[in-house]
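Working through the structure, step by step
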4 protein chains.
Amino acid sequence: MNITLKQAEKIIAVAKEKSIEIDTKMNIAVVDAGANLVAFARMDGAWLGSLDISIKKAKTARYFDMNTGIIGELSQPGGPLFNIEHSNNGLITFPGGVPIKNAAGEIIGAIGVSGSSVENDHTVAEAGALAI
Amino acid sequence: MNITLKQAEKIIAVAKEKSIEIDTKMNIAVVDAGANLVAFARMDGAWLGSLDISIKKAKTARYFDMNTGIIGELSQPGGPLFNIEHSNNGLITFPGGVPIKNAAGEIIGAIGVSGSSVENDHTVAEAGALAI
Amino acid sequence: MNITLKQAEKIIAVAKEKSIEIDTKMNIAVVDAGANLVAFARMDGAWLGSLDISIKKAKTARYFDMNTGIIGELSQPGGPLFNIEHSNNGLITFPGGVPIKNAAGEIIGAIGVSGSSVENDHTVAEAGALAI
Amino acid sequence: MNITLKQAEKIIAVAKEKSIEIDTKMNIAVVDAGANLVAFARMDGAWLGSLDISIKKAKTARYFDMNTGIIGELSQPGGPLFNIEHSNNGLITFPGGVPIKNAAGEIIGAIGVSGSSVENDHTVAEAGALAI
């Protein structure tokens, strides 16, 4: 199972709504089951540096099938995955990346959001992930 | 002047329509005046390798404010821009990248399309670029 | 549909047999539908430089769902896809990469072979692709 | 002395068995004395992001002829090798990479395993390394 463009566009639309609702400007990326970009949107005035971060968050969430923040907890100095970020051409391991599941609970892709605090990024990502 | 996300989404919607009309499956990328990605869509079943190509075409068109095919004519062996593709982390210089202008004729971004013949790619890119 | 490791290992086994049959030493790579490596084998004494080439051939064949040699014909100087090799972190567009299809004719991955003449590389890749 | 493909395939087979025994899904990479990939297998359903990590673990173990976890202890903040991960196009320095020795005790390659906890990764890597 793989995410469709129609699903990805719905996810981005919902994530944008949530972003506006909490008064933020986000970069929003959706990747498929192969961790390849399917859809992307950068809201007007969103941080430029968050473009790459949002894509890397989405990839990271799919690479390991978990929220990016969980990996970040494990990759701290002294933690079991310290410096895992050096793999895969660069991971982003703070919150804002969330796997996307279909109705059967299978992971079909992931969303990555960047542009505000990591709490806000995660809130918007989760809203998007739950849109389908 | 810079392209807005609303304009970029309109451009992608029109490019998708044109792509369906001519029976192709495209990767479609829109960059802003700073050559940074604003919006992207990969149609279901579109070539995976065209993802990167569509983004590079959009960037290339904005980097030099001209259709990518024109640069390709100049970058042939013996030509004045031979192997310019080695710059900017990789250019794509065959057709499918087109600058986007506002009503005043100012360049505000560019569209890159990849997924079929270069003729079809250009047709879809041009349809998108003319959507606003 | 995606290739399984068991299928990929069968493909590599058959490709190795064919390679021995025609007296060559090959690097053999198999990627899945997402163009990510599933299985790889470098035969003893095979060219070291062919390691990366075999993987890039497999990726290229899946990126565009066609034999790599076809892309190479189109990417010559003056051709419509000149210098397409600058995309996707480097393509290899001479023969030796072949898509892998399941019984239903769907592309589920690709094989890339490198270590001899491009004719031999293609022969071994095709033998592998037909193994399932 | 250098590892043979036959040895590498034996190592991967044993590592797969161990992985199944402890109910994990692993990416398993074997490199030779030159730190170049000899054989690789990604088990069905294994984390996609562990592909690159398993290869980097194998390379790291051979680059320094020691278990990757030992390097990780030295590369912590304040440690003598802090941020050594920035070298060699990216090292992975947590457990899961183990040198491979021949009967005479000479290092002939290394194995890298990724897909579960670092303890499990190391267990599978060690099982593989001891297979020859």
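Residues numbered from 1 in each chain as written. Chains lettered and ligands numbered in written order. Predicted model: local features only at pLDDT ≥ 70, side-chain atom pairs only at ≥ 80, totals over all residues. Heavy atoms only, no water.

Attention now goes to the sheet that holds strand β2 (residues 37-42) of chain A. Reading across the sheet, the 8 strands line up as β3(A)-β4(A)-β1(A)-β2(A)-β2(B)-β1(B)-β4(B)-β3(B) and stay open at both edges, with antiparallel pairing between neighbours. Taken across any chain shown, the strands that pair with only one partner, and hence form the sheet edges, are β3 (97-101) of chain A together with β3 (97-101) of chain B. With strand direction ignored, the average angle separating the axes of adjacent strands in the sheet is 20°. One ladder, built from 5 bridges, connects β3(A) with strand β4 (residues 107-114) of chain A; its direction is antiparallel. Each bridged residue has a counterpart across the sheet, and for K101(A) the counterpart in β4(A) is I107(A). Helix α2 (residues 50-64) of chain B contacts β2 of chain A together with β1 (27-32), β2 (37-42), β3 and β4 (107-114) of chain B of the sheet and is inclined by roughly 150° relative to β4(B). Those strands touched by helix α4 (residues 118-129) of chain B are β3 and β4 of chain B, and its axis lies near 150° from that of β4(B). (Pairing = 2+ DSSP bridges. Helix = DSSP H or I, 4+ residues; strand = E, 2+ residues; numbered from the N terminus. Axes fitted to C-alpha atoms, helices over the stretch in contact; angles between N-to-C directions. Contact = heavy atoms within 4.5 Å.)

The side chains of a regular strand alternate, residue by residue, between the two faces of the sheet. All names here are of chain B. The buried fraction of β4 is high, at 7 of 8 residues. Looking at chain direction, β1 and β4 are connected through 6 bridges and run antiparallel. Bridge pairing in β4 places V30 opposite I111. In sequence, β3 turns back onto β4 through a hairpin of 5 residues, with G105 there showing a positive phi of about 90°. (Buried < 20%, exposed > 50% of the residue type's maximum accessible area, 1.4 Å probe, protein only.)

Turning chain D through 90° and shifting it by 0.0 Å along the axis lays it on chain A, with an RMSD of 0.1 Å. The symmetry that links the two subunits is that of a four-fold axis. No C-alpha of chain D lies nearer the rotation axis than that of P77(D), which sits 4.7 Å from it. A share of only 20% of the interface residues of chain D reappears at the interface of chain A, consistent with the copies meeting through non-equivalent patches. (Least-squares fit on C-alpha atoms with pLDDT ≥ 70 in both.)

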